[in-house]
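Below are the chains, spelled out letter by letter.
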Amino acid sequence: MRQQAGRRLDRGRRAGHPATVPDIATALAAAFGLITEGDRAVLSIVTLSLQVSFLAVALAALVGLPLGAFLAVARFPGRRPLIIAGNALMGLPPVVVGLLVYLLLSRSGPLGGWGLLFSPGAMVVAQVVLITPILATLSREVLEGLWEEYGEQLRSFGATPRLAVPTLLWDGRFSLLTVLLAGFGRASAEVGAVMIVGGNIEGHTRVMTTAIALETSKGDLPLALALGMVLMTIVLAVNAAAQLLRDLAQRRQG
Amino acid sequence: MIALSRRALPLLLALPARAQSSSITIASTTSTEQSGLFSHILPSFRDATGIAARVIAPGTGQALDVGRRGDADVVLVHDRPAEEAFVAAGFGGPRRHVMFNDFVLVGPATDPAAIAGLSDASEALRRIATKRAGFVSRGDRSGTHAAELRLWRLAGLDPTMGRGNWYREVGQGMGPALNTAAAQDAYILSDRGTWIAFRNRQALRILVEGEERLFNQYGVMLVNPARHPHIRAAEGQVFIDWLLSDAGQQAIAGYRIGGEQLFFPNARQPEPVS
């Protein structure tokens, strides 16, 4: 990755760009090259980024969405503090999450026996912790609106909260897609937590964000920026694909 | 969503399962990683032994912590006193010396403290402190940070008196610290390897080098498997033996950027007293 991109960057520099000034045009050219040439190292980094973040979103959704729906329909003492706590947890600093997960998964920590530290699995765990509050809070917001619309009707059919939760999740699935995308965005853009628990190991736990951090550390700012552009392109593609899917499904339902 | 998780769950199991092949984890310094040394020598090691080596590079202080906690099999760092304390406390060892390079005092070409070409690092630091010229410190308990603090002590100075003013502790790796120094036209102590590989130098130049006290020795230790039974001691020892062998030492010597050698193997010579 470095050699190829380096060559491209050098070409740009010979064309009159000073080597010391990070040049956005040069970075753009390098990013384009990284994508079109299908650089293998970059490809494996991209693949791992997507695997880790998709998996984290899926697992967080298993907990977060039902929790959000439950908070939307159920009324019980302690609901408001729970909602406030969820809101606050949306702003969890990734570094703190990384540190907590590190201490938990460390060989000297309580879950050390799993041997997960410095593996992709550890990064999934950290991202799940980070985005579950986001999914729960945002889905509660979305579904509360739906519940206000249909709640009366559902209750008249004798629906208990336990029955209403799956119904709401199903009816709100198109809006919930946006919630999932918000979670994916946060997970894939995050660097502090995955750096600590993954260790940024080449070919094993290096993802887009940690690769960008490493190239910045090396002072190779154009290459770092190029990788950042690749990441943006991927996130854009994922969002476009999700939107397309949503439109198609909605049209089919009329 | 349920369909997604059904496909995703085997993936979750597959991700950690990849770690089961023969591999070791090495905790090391930002200088060995960010200079590109590991990317150069580890493929040769894997070809020779079939063992994959994974490197995490948080800096010497944290790398030793990672070893203490049993989260790495081998520690390769550069702070002899800290390494000897690590071994003495029974966390690993024995310590073997592997290679050296040297530190360089880097600063802006305009050189406001007029230290260029000095042959005495202490005198250079004294002039920087007198001028209250900007100095970026790693501030992260790394090997380079420890070396920097030793140099200040040798100069009879306490730089923390300039804290919040001209003495700036960034608490980051060598690369980010160099980025900061480049942006602020400040002085900084760097290991030569990272400096050679560093691409964002702007106005920074090497101003003081080649002094005895700027010597930088790297040592390697196996984490004590008696403390942490899951440590891959056999594979870790294979790595250390390879690193100290002719093949490993030649791989280190063969790493060059622009024709310049970054690290000098010295496992076969007695370790210089620093």
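Residue positions are given per chain, counting from 1 as you read along its sequence in written order. For this description, chains carry letters from A and ligands carry numbers from 1, given in the order in which they are written. Local features in a predicted model are, by the rule used here, given only for residues with pLDDT of at least 70; side-chain atom pairs are given and counted only at 80 or more, and totals for whole chains, interfaces and linings are based on all residues.

(A) Spotlight on the overall build of chain B. By definition, any uninterrupted DSSP run of H or I lasting at least four residues is a helix, any uninterrupted run of E lasting at least two residues is a strand, and each is numbered from the N terminus. Along chain B, the regular secondary structure elements total 11 helices and 12 strands. Taking 274 residues into account, the globule formula puts the C-alpha radius of gyration at 19 Å, and chain B, at 20 Å, falls close to it. In terms of overall dimensions, chain B has C-alpha extents of about 60 × 55 × 40 Å along its principal axes. Put simply, a residue is buried when 20 or more other C-beta atoms lie within 10 Å of its own C-beta and exposed when 12 or fewer do; between those, it is partly exposed, and each C-beta is set from the backbone. Out of the 274 residues in chain B, the part that is buried amounts to 48%. It is the C-beta atoms, placed from the backbone, that decide contacts: two residues are in contact if theirs lie within 7 Å. A separation of at least 24 residues holds for 75% of the contacts in chain B among residues at least 6 apart in sequence. What the globule rule says is 2.2 Å times the number of residues to the power 0.38, and the radius of gyration is computed from C-alpha atoms.

(B) Local environment of the overall build of chain A. Helices and strands together make up the secondary structure of chain A, namely 11 helices and 0 strands. N-terminal to C-terminal, the α/β element order of chain A is α-α-α-α-α-α-α-α-α-α-α. With respect to the three principal axes, the spread of C-alpha positions in chain A is 75 × 55 × 25 Å. Each of the 254 residues in chain A was classed as buried or not, and the buried ones make up 48%.

(C) Just the nonpolar core, in detail. When buried Ala, Val, Leu, Ile, Met, Phe, Trp, Tyr and Cys residues are joined through C-beta atoms within 7 Å, the set is termed a nonpolar core. In terms of nonpolar packing, the biggest core is built from 117 residues, with A:Ala126, A:Val197 and B:Val74 touching the most fellow members. Considering each element in turn, this core owes the most residues, 20 residues, to helix 3 (residues 40–73) of chain A. Beyond its immediate chain neighbours, meaning those up to four positions away, A:Val197 contacts A:Gly98, A:Val101, A:Tyr102, A:Leu105, A:Leu117, A:Ala122, A:Met123 and A:Ala126. Counting residues in each nonpolar core, the second largest holds 35 residues, with B:Leu125, B:Ala133, B:Ala186 and B:Leu214 among its members.

(D) Examining helix 8 (residues 174–184) of chain B more closely. The buried fraction of helix 8 of chain B amounts to 8 of the 11 residues, a majority that puts the element mostly inside the structure. Positive phi appears at B:Asp185, one or two residues downstream of helix 8 of chain B, with a value of about 50°.

(E) Geometry of the packing of helix 3 of chain A against helix 8 (residues 173–189) of chain A. Residues and elements named next belong to chain A. Axis definition: a line fitted to C-alpha atoms, limited for helices to the stretch in contact. Angles are taken between N-to-C directions and run from 0 to 180 degrees. One way to put it is that helix 3 packs onto helix 8 with a least axis distance of 9 Å and a crossing angle of 130°. In terms of orientation, helix 3 and helix 8 fall into the oblique class. Once helix 3 is placed against helix 8, the crossing between them reads as right-handed. Across the interface between the two elements, Ser49, Ser53, Ala56, Val57, Ala60, Ala61 and Leu65 of helix 3 pack against Leu176, Leu180, Gly183, Phe184, Ala187 and Ser188 of helix 8. Following the grouping adopted for this structure description, the nonpolar residues are Ala, Val, Leu, Ile, Met, Phe, Trp, Tyr, Cys and Pro, the charged ones are Asp, Glu, Lys and Arg, and the polar ones are all others, Gly among them. Residue composition of the contact of helix 3 with helix 8, grouped by class: 9 nonpolar, 4 polar and no charged. What sets the label is the angle itself: under 35 degrees gives roughly parallel, over 145 gives roughly antiparallel, 65 to 115 gives roughly perpendicular, and the rest give oblique. Handedness of a crossing is defined here by the sense of rotation of the near helix relative to the far one, left-handed for an anticlockwise turn of less than a right angle and right-handed for a clockwise turn.

(F) Molecular detail of the domain arrangement of chain B. Residue and element names in this part refer to chain B. Source of the domain bounds: an automatic or database domain assignment. Its domain assignment divides chain B into domain 1 (23–100 + 216–265) and domain 2 (102–214). Placing a centre on the C-alpha atoms of domain 1 and another on those of domain 2 gives a separation of 26 Å. Of all the secondary-structure elements, those providing two or more residues to the side of domain 1 that touches domain 2 are helix 2 (30–34) and helix 4 (60–68). The greatest single-element share of the side of domain 1 that touches domain 2, amounting to 3 residues, is contributed by helix 2.

(G) Focus on the environment of A:Val42. Residue and element names in this part refer to chain A. Along the chain, the position of Val42 falls in helix 3. Judged by local crowding, Val42 falls into the buried class, with 22 C-beta atoms found within 10 Å. Along the chain, Val42 and Val230 lie 188 residues apart, while their C-alpha atoms are 9.2 Å from each other.

(H) Structural view of the packing of helix 8 of chain A against helix 11 (residues 221–253) of chain A. Residues and elements named next belong to chain A. Viewed as axis vectors pointing N to C, helix 8 and helix 11 meet at an angle of 170°, and their least axial separation amounts to 11 Å. It follows from the interaxial angle that helix 8 and helix 11 lie roughly antiparallel. Residue-level contacts link Phe174, Leu177, Leu181, Phe184, Gly185 and Ser188 of helix 8 to Val235, Val238, Asn239, Ala242, Arg246 and Gln250 of helix 11. Of the residues in the contact of helix 8 with helix 11, the class split is 7 nonpolar, 4 polar and 1 charged.

(I) View of the environment of B:Gly248. Residues and elements named next belong to chain B. Along the chain, Gly248 falls in helix 11 (residues 246–253). Judged by local crowding, Gly248 falls into the buried class, with 22 C-beta atoms found within 10 Å. Other than its neighbours up to four places away in sequence, Gly248 contacts Trp242 and Leu243.

(J) Looking closely at the environment of A:Leu71. All names here are of chain A. In this structure, Leu71 sits in helix 3. On a C-alpha basis, the gap between Leu71 and Ile84 in space is 11 Å, while along the polypeptide they are 13 residues apart. Other than its neighbours up to four places away in sequence, Leu71 contacts Arg79, Leu82, Ile83 and Arg140.

(K) Quick look at the interface of chain A and chain B. At the junction of the two partners, chain A supplies 29 residues and chain B supplies 31 residues. In terms of residue count, helix 3 of chain A provides more of the side of chain A that touches chain B than any other element does, 7 residues in total. Split by residue class, the side of chain A that touches chain B holds 13 nonpolar, 12 polar and 4 charged.

(L) Structural detail: the pairing of strand 1 (residues 23–28) of chain B. Residues and elements named next belong to chain B. Most of strand 1 sits inside the fold, with 5 of its 6 residues counted as buried. Note on pairing: two strands pair once DSSP finds at least 2 bridges between them. With 3 bridges joining them, strand 1 and strand 3 (residues 74–77) adopt parallel strand pairing. Pairing of Ile26 across the sheet is with Val74, part of strand 3.

(M) Just the pairing of strand 7 (residues 187–191) of chain B, in detail. Residues and elements named next belong to chain B. Across the 5 residues that make up strand 7, a large majority, 5, are buried. Here strand 7 shows no split at all, with Tyr187, Leu189 and Asp191 on one side and Ile188 and Ser190 on the other all buried. Where strand 5 (residues 135–137) meets strand 7, 2 bridges bridge the pair, whose relative direction is parallel. Its bridge partner being in strand 7, Val136 is matched across the sheet by Ile188.

(N) The arrangement of helix 11 of chain B in detail. All names here are of chain B. For helix 11, the complete set of buried residues consists of Gly248, Gln249, Ala251 and Ile252. Take helix 11 and look down its axis: the buried residues cluster within an arc of 155°, on one side only. Within helix 11, the exposed residues directed more than 90 degrees away from the buried face are Asp246 and Gln250. Among the structural elements, helix 3 (37–49), strand 4 (96–108), helix 10 (233–244) and strand 12 (264–265) are those in contact with the buried residues of helix 11. In this context, the arc is that of the directions from the helix axis out to the C-beta atoms.

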